[in-house]
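One-letter residues, chain by chain:
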Amino acid sequence: MASDAASPPARFTIWSQVRALTGSPMAPYYFVVASVTVLVGIGLLMVLSSSAVLAMSTQDGPYYYFIRQVIFLVVGVVGLLILSRMPPTLLRTFGWVFWMLAVALLIAVQVPGLGVNVNGNMNWLRIGGFQFQPSEFAKLALVVWCGAILHNKRGRLHEPLQLAMPLIPLGGLILALVLAGRDLGTGLIIGLIIVAVMWFIGTPLRVLLPLGVAALALVGLLVFGSGNRMSRIAIFLDPQSNTDLSSQPMAALYALASGGWWGLGLGASKQKWGGLKTGAHTDYIFAVIGEELGLFGVLLVVAMFALLGWAGLEIAMRSDKMFNRVVAAGITAWFLMQATINIFVVMHLLPVLGVPLPFVSSGGSALMASLMAVGVLLTLARDTPDARALLASRKVPARPRMTSVMAASREDS
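Here is a short report on the structure shown in this document. All values derive from a computational prediction rather than experimental measurement.

Definitions and limits used
Residues numbered from 1 in each chain as written. Predicted model: local features only at pLDDT ≥ 70, side-chain atom pairs only at ≥ 80, totals over all residues. Heavy atoms only, no water. Helix = DSSP H or I, 4+ residues; strand = E, 2+ residues; numbered from the N terminus. Buried < 20%, exposed > 50% of the residue type's maximum accessible area, 1.4 Å probe, protein only. Contact = heavy atoms within 4.5 Å. Axes fitted to C-alpha atoms, helices over the stretch in contact; angles between N-to-C directions. Parallel < 35°, antiparallel > 145°, perpendicular 65-115°, else oblique. Left-handed = near helix turned anticlockwise from the far one by under 90°. Nonpolar A, V, L, I, M, F, W, Y, C, P; charged D, E, K, R; others polar. Pairing = 2+ DSSP bridges. Phe/Tyr/Trp six-rings, centres within 6.5 Å; stacked < 30°, edge-to-face > 60°. Patch = residues over 30% accessible without salt bridge, like charges linked within 9 Å, V, L, I, M, F, W, Y side chains within 5 Å. Areas by Shrake-Rupley, 256 points an atom, 1.4 Å probe, with all protein chains shown as cover. Salt bridge = Lys/Arg side-chain N within 4 Å of Asp/Glu carboxyl O. Expected span 1.5 Å × (residues − 1). Bend = angle between axes of the 7 residues up to and from the residue. Polar contact = N/O pair within 3.5 Å; in protein donor to acceptor, adjacent residues only side chain to side chain.

## Looking at the overall build of the protein chain
Within the protein chain, the regular secondary structure consists of 17 helices and three strands. With respect to the three principal axes, the spread of C-alpha positions in the protein chain is 105 × 65 × 55 Å. For the protein chain, buried positions account for 45% of its 413 residues. For the protein chain, the proportion of contacts with a sequence separation of at least 24, taken over those separated by at least 6, is 73%.

## What about the packing of helix α9 (residues 167-180) against helix α10 (residues 184-200)?
Following both chains from N to C, one finds α9 and α10 inclined at 165 degrees, their axes separated by 8 Å at the closest point. The orientation of α9 relative to α10 falls into the category roughly antiparallel. Considering how the two elements wind past one another, α9 and α10 form a crossing that is right-handed. In this structure, α9 contributes L167, I168, G171, G172, I174, L175, V178 and L179 to the contact, and α10 contributes L184, T186, G187, I190, G191, I194 and M198. Residues of the contact of α9 with α10, tallied by class, amount to 10 nonpolar, five polar and no charged.

## Here's the deal with the pairing of strand β2 (residues 121-127)
When strand β1 (residues 115-118) meets β2, the two strands line up antiparallel, connected through four bridges. Residue pairing for β2: V116 is matched across the bridge by W124. What sits between the antiparallel neighbours β1 and β2 is a turn of two residues, in which N119 has the positive phi angle 55 degrees. Note that β2 and strand β3 (residues 130-132) share three bridges and pair antiparallel. Each residue of the ladder has a partner; that of L125, found in β3, is F132. The hairpin turn running from β2 into β3, its antiparallel successor, is two residues long, and G128 in that turn takes a positive phi close to 70 degrees.

## Considering the sheet that holds β1
Within a sheet, neighbouring strands are paired by backbone hydrogen bonds and run either parallel or antiparallel to one another. Spatial strand order, β1-β2-β3: three strands in an open sheet with antiparallel pairing. The open sheet is flanked by β1 and β3, the only strands paired with a single partner. Recorded for the sheet is a direction-independent mean angle of 35 degrees between the axes of neighbouring strands.

## Some thoughts on the packing of aromatic side chains
In the structure shown here, the tally under the stated rule is 12 aromatic pairs. When the centroid spacing of 5.0 Å and the interplanar angle of 65 degrees are considered together, the rings of F335 and F359 count as edge-to-face. Placement of the pair is F335 in helix α15 (residues 322-346) and F359 in the loop between α15 and α16 (364-381), with a sequence separation of 24 residues. The residues F335 and F359 share a single accessibility class, namely buried. By the ring-pair criterion, three or more aromatic residues cluster together here, those being W96, W99 and W145.

## Focus: the environment of L222
Summarising the element assignment, L222 is placed in helix α11 (residues 205-224). Taking the C-alpha atoms as reference, L222 lies 8.1 Å from L184; in sequence the two are 38 residues apart. If near-sequence neighbours (up to four positions away) are discounted, L222 is found in contact with L179, L184 and R229.

## Quick word on a nonpolar patch on the surface
Judged by side-chain polarity, L90, F94, W96, V97 and M100 come together as a nonpolar surface patch covering roughly 420 Å² of accessible area. At three residues, helix α6 (residues 95-109) tops the list of elements feeding residues into the nonpolar patch. Position of L90 among the secondary structure elements: in helix α5 (residues 88-93).

## What about helix α3 (residues 27-57)?
Compared with the 45 Å implied by 1.5 Å per residue over 31 residues, the 45 Å span of α3 between its first and last C-alpha is a close match. The largest bend along α3 measures about 45 degrees and falls at S51. Following α3 by one or two positions, Q59 has its phi on the positive side, about 60 degrees.

## Examining the side chain of T186
With respect to the helices and strands, the residue T186 is situated in helix α10. A residue is classified by how much of its surface remains accessible, and T186, at 5% relative accessible area, is buried. Separated by 2.7 Å, the side chains of T186 and D183 make a polar contact. What T186 contacts, discounting residues up to four positions off in sequence, is S135, E136, K139 and V178.

## Some thoughts on the packing of α6 against α9
In the contact formed by α6 and α9, the axes pass within 9 Å of each other and the chain directions differ by 25 degrees. When the axis of α6 is compared with that of α9, the two are roughly parallel. The chirality of how α6 crosses α9 is left-handed. Residues W96, W99, V103, L106 and I107 of α6 form the contact with α9, whose own contacting residues are L170, L173, I174, L177 and V178.

In structure tokens, the structure reads:
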């Protein structure tokens, strides 16, 4: 009885175990792997469920989009593995190369014969039989480039001019090229990445506020200068308007509302049969998750993004190098902001912006770029001081080679 009275309460034991788990040197690494694996698994399952109807209507077969997603996943995992084993110092030396490659590809999008217009946006590039979105890979290039230049300026970041040059003009060039392709959603993500990086390194408000005001003015001009964007704002303000454009946002709300606690069952979505149009497996896949998997599926996706965000910020805070901290924070901000915008659009808390849900929505360029970014995040997780010490202690020293010398016998001498 005395031993039972002396034992600590169970809740304190569980809490101490959680703290020990999250405090271990490799915890962020494994949490990134676990969260991304769950999100990709949910994405494959829901792409198969939500795209079959559309694929059959186009006579491509029910597994057309699913097979494409699997192929892109394999390519993305290869890129993830390569980047996860690349030393951060090597990534840092490629910062300017990544920036120049991103700018070149974004310029090529505007070249007739190379750029492809999809749904009114000139943000696709076709080279031979391969078509992809350079703007998705530009997000990763921008983050790595920001980390490289800020690492080189790490002793002068208290000077506002050093913060602004060349981050704002050259980062703004990537943003301008994306906006030139009329992709406001991706441009918004890129702008938010730049702001998040500047905030993370401690940029004072007297610098950030004018930038924020200028960015809002630019967004306002782009919205008021486009009839399509103005119609999206009107639908956002009046979602029950009987227009063809308002049916998709309303279908998303109907899908979320009908899912209940556990959903209608995998494959049982009704809104994917035309209500969500061609967005059931792309920008509105979160609505299908809510309808088929219910609140459980929705909270699982949100929890995995929260876990990924915690792990990414832990990597940034534990790192002892400016490059590692900036890149980890930038990638984490990218994932969290894009996921938040997509979910808010589906829940009708934001106007339609055409932003996919990372790791879940169908789309080869977005999936491959996101997985490559995860590879960078993993190599940074292995380069924190505690992780380096732990990995070094696990290395088995090379066994010495054993040689023997046989003394010559008297008969041989």
